[in-house]
Amino acid sequence: MRRSPERAQRLRRVRPAPAVVHRAVRVTAAACAGFYTFRYGLDRPVSATYALFAAIALGVLARIEGSARTRARTILWTLPAAWALVCLGTVLAVHSWAAALGMVGVGFAVSYGSVGGPRMVGLANGLQLLYILPCFPPYSPDTLPQRLLGVTAGLLLLAAAELLLWPEPAPPDYRGRLARAALALAELADLAADACAGRPAAPGAVTAAADRARARLDELRFSRVPVMERPAGAGAVDRALTHCAAALRYAGPQVLRILRLARPYPGAARLTAVTAQALRAAAAGLPRTGPVPDTGVLECELAAFDTARAAEPRPDRTDRTDRTDRGGHSDRSDRSDRTDRTDRTDRGGRSDRARPALGTAALDAAEGARFVLRAVRVGRRAPLPPDETPADQRPGPFWYAYDPAPLLRWRRFRANLTPRSVAFRNALRTAGALGAARLLAGGLDLSHGFWVLLATLTLMRTSAADTRMTLRPALVGTALGAAATAAVLLAVGEHPLVYALALPPVMLIAFTAGPALGQAWGQGLFTLVVALVFTQLAPASWRLAEARVVNVAAGAAIGLLAGLCAWPRGGAQDLRRRTAALLEDSADALRETVAVLTGTGRPGGALRRARTSALLTEAMYAQYRCERHDPAGDGPSWQAAVLAGQHAVRGAEPLLARIPPGTAAPHRGGARVLVGHADEVAAAFRRQAAALRAREPAGAAHPAVARARAALVAELDGGPAPGSDGRVSLHAVDVAVWLAGLLDDLQQIHEPG
């Protein structure tokens, strides 16, 4: 009998993945080995408790990814932090208020440490538990050696289990995603080079290659990447990989623009072919064992193309006036006029005025590839040449390659010490909720009060809606698990051997069913697990199940209240305001960039502010993508808005590096034209920002953006920003094409999503 697709999909969701089963086996083996050794072999119940919960803390509550060796190494690296947390919790357990203050400090520090990278994000909940467990009565500082012994044994056993029991292979990392995107973009660049060389490919081949490139570039977005795979650390390597992804996403539209403008242009064909070679070299150099790419060939070709382009005859806005007298009669013969039209028009009917725009697109794509090569070199810790950015425009795009790692981490921590930071908000929310839970548990003298904090920690989410969604299954699962626990305790009574035999299979099922079947199954089975553990440490009655239900309900209520009081809308609360601020900062940055390039202004730090704003918005958007939302209230395409801000920054950087200040439009009239267009584009950015702040419909700002783009495109078609000789300034074309591309990005925001 054939299964329906819907039923097959449900079965796939229910059936646990092999990795989940293997991880459950490793945690169960490590936890039970430590618990049984200390409880029955050495008669040290305190050490047994800490060995078991240490393995659960880092094996279940924490998320540690990577190969088996990497996971084991991470667990061993946490040992000093685990010792410090156990010591601190043991000392502060003397008073409830002291333990609560310590909980606030530890909760904030551990949660805020997530700005250091995804490794700390995964370890946060596990480290919190290592303080929660010892900060509750009894206050027994004399048992500290036994507690440290148990924690050490539990973590060592877990590390050994990672290496010996079904060791996991290294998962595909972000470098692989970058390499695949670079190769797909190189394939598209080859087709663009052929088109510029007069050998256009079949439309179907171009469409297929463009779709592959878009798909590969889309895989680079952090919203599409598991948290633990994201290069989100503060070090130079992670920053370089992030910069590499941004440069690839910037180069992609430029290659597509080459294909749209394609016409016979040998220089652009040669430069685009070298761009494709550079992208392949970057893809080969991204793996840690691959050859480190060199930027010399591409940089030489860039310089040669720029020089040759400057020497080419350029379109003249006055040529039509020169060729026609006042009476409308041509001063040439019909034959020469036909020859001139043939020379000035390609087979597709495009005017030679499209040639500068094609050259600009080729330059931009090559600049994007050059940035990719440099980012790969930084990611491989290869030396870079001295920072070429002018002193008054620093820091340049690769400023982090010249700073030591401790300074980079300090800057990351300092930059996020603001209520605008998602990490700072989450840390405050977590610290406040855990501190309140500790005060409540101590004030009410709840039995097994650490369950209150554990429930708060595991059930609280970054938004009140998400927290509320977890409450019902958690409470239902806990109640059912407590009922099963009470039945077992009443039926078995005080027979520790039965509980000892039942613990491993129940623990294995709990750690397997939780990830596969959902929150209710996880909470219910874990309730049974903790009951089986504590009945082996001391005699227990059915009231243990009652205490479990009360504590979980109290912890869930505190988590819900914290979510309601502290930024209840999570990432959605300020994504609109944050994105609007990014667009406003981008408007300032593009306006300042054009002013510097035309010599009508000086840098004032707008580009640096826009770069920081883009990073904060990306972090908030990543959190937003992890939360539940009402599709009808999502508003415009947030992803397109973030990309518009990113492209404003990524486009300004190569322009400032390539064009000397004040030379974009040597003639005063040309500078005035470019500055006017920059003002129009900046106004379009601010209009879109105002529409976001006012919660206007998703297409409200689209007409204004379309008008600004139409005016700029008309100027491009007519030859933008003439120089003092009346001819088109190539640098002005570069700036105008960048501005037109930004308006293209803005037009995508009006599409909901």
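Residues numbered from 1 in each chain as written. Predicted model: local features only at pLDDT ≥ 70, side-chain atom pairs only at ≥ 80, totals over all residues. Heavy atoms only, no water.

**Student:** Can you help me understand the confidence of the model for the protein chain in this one?
**Tutor:** Predicted coordinates in regions of low pLDDT should not be interpreted in detail. Per-chain confidence: the protein chain averages 78 in pLDDT, with 80% of residues scoring 70 or above. The low-confidence segment residues 1-14, where pLDDT is below 50, has five contacts with residues more than four positions distant or belonging to other chains. Long-range and interchain partners of residues 629-633, a stretch whose pLDDT sits below 50, account for three contacts in this model, where long-range means more than four residues apart. (pLDDT = per-residue confidence, 0-100. Contact = heavy atoms within 4.5 Å.)

**Student:** Sorry, what's going on with the packing of aromatic side chains here?
**Tutor:** Within a pair of aromatic rings, the relevant descriptors are the distance that separates the centres and the angle that separates the planes. Counting across every chain of the model gives eight aromatic pairs. Relative to phenylalanine 534, the ring of phenylalanine 53 has its centre 6.4 Å away and its plane inclined at 40°; by these criteria the two rings are tilted. Of the two residues, phenylalanine 53 is situated in helix H3 (residues 45-61) and phenylalanine 534 in helix H22 (residues 519-537); the sequence distance between them amounts to 481 residues. By the burial criterion, phenylalanine 53 is buried, and phenylalanine 534 matches it. When the centroid spacing of 5.5 Å and the interplanar angle of 5° are considered together, the rings of phenylalanine 108 and tyrosine 112 count as stacked. Within this pair, phenylalanine 108 and its partner tyrosine 112 are both found in helix H6 (residues 96-112), separated by four residues, close to a single helical turn. Chaining the aromatic ring pairs together yields one cluster made of Phe108, Tyr112, Phe413 and Phe424. Stacked on the ring of tyrosine 40, the Lys or Arg arginine 39 has its end atom at 5.3 Å from the ring centre. (Phe/Tyr/Trp six-rings, centres within 6.5 Å; stacked < 30°, edge-to-face > 60°. Helix = DSSP H or I, 4+ residues; strand = E, 2+ residues; numbered from the N terminus. Buried < 20%, exposed > 50% of the residue type's maximum accessible area, 1.4 Å probe, protein only. Lys NZ or Arg CZ within 6 Å of the ring centre and 35° of its normal.)

**Student:** What should I look at first to understand the nonpolar core in this one?
**Tutor:** General note: in soluble globular proteins, nonpolar side chains tend to be found buried as a group. Leu52 and Leu503 are the most contacted members of the largest nonpolar core, which has 78 residues in total. The contacts of leucine 52, once residues within four sequence positions are left out, are Ala31, Phe35, Leu503, Met507 and Val533. With 67 residues, the next largest nonpolar core counts Leu191, Ala247, Ala276 and Ala365 among its residues. (Core = buried A, V, L, I, M, F, W, Y, C linked by side-chain atoms within 4.5 Å.)

**Student:** What exactly am I supposed to notice about unusual backbone geometry here?
**Tutor:** Among all residues except glycine, the phi angle is most often negative; among peptide bonds, the trans geometry is most common. Along the chain, proline 137 connects to proline 138 via a cis peptide bond; the corresponding omega equals 5°. You can see proline 138 is positioned in the loop between helix H7 (118-132) and helix H8 (144-164). Although it is not a glycine, aspartate 43 adopts a positive phi angle of roughly 55°. Here aspartate 43 shows up in the loop between helix H2 (18-41) and H3. A positive phi angle is found at tryptophan 166, which is not glycine, with a value near 45°. In this fold, tryptophan 166 is placed in the loop between H8 and helix H9 (174-196).

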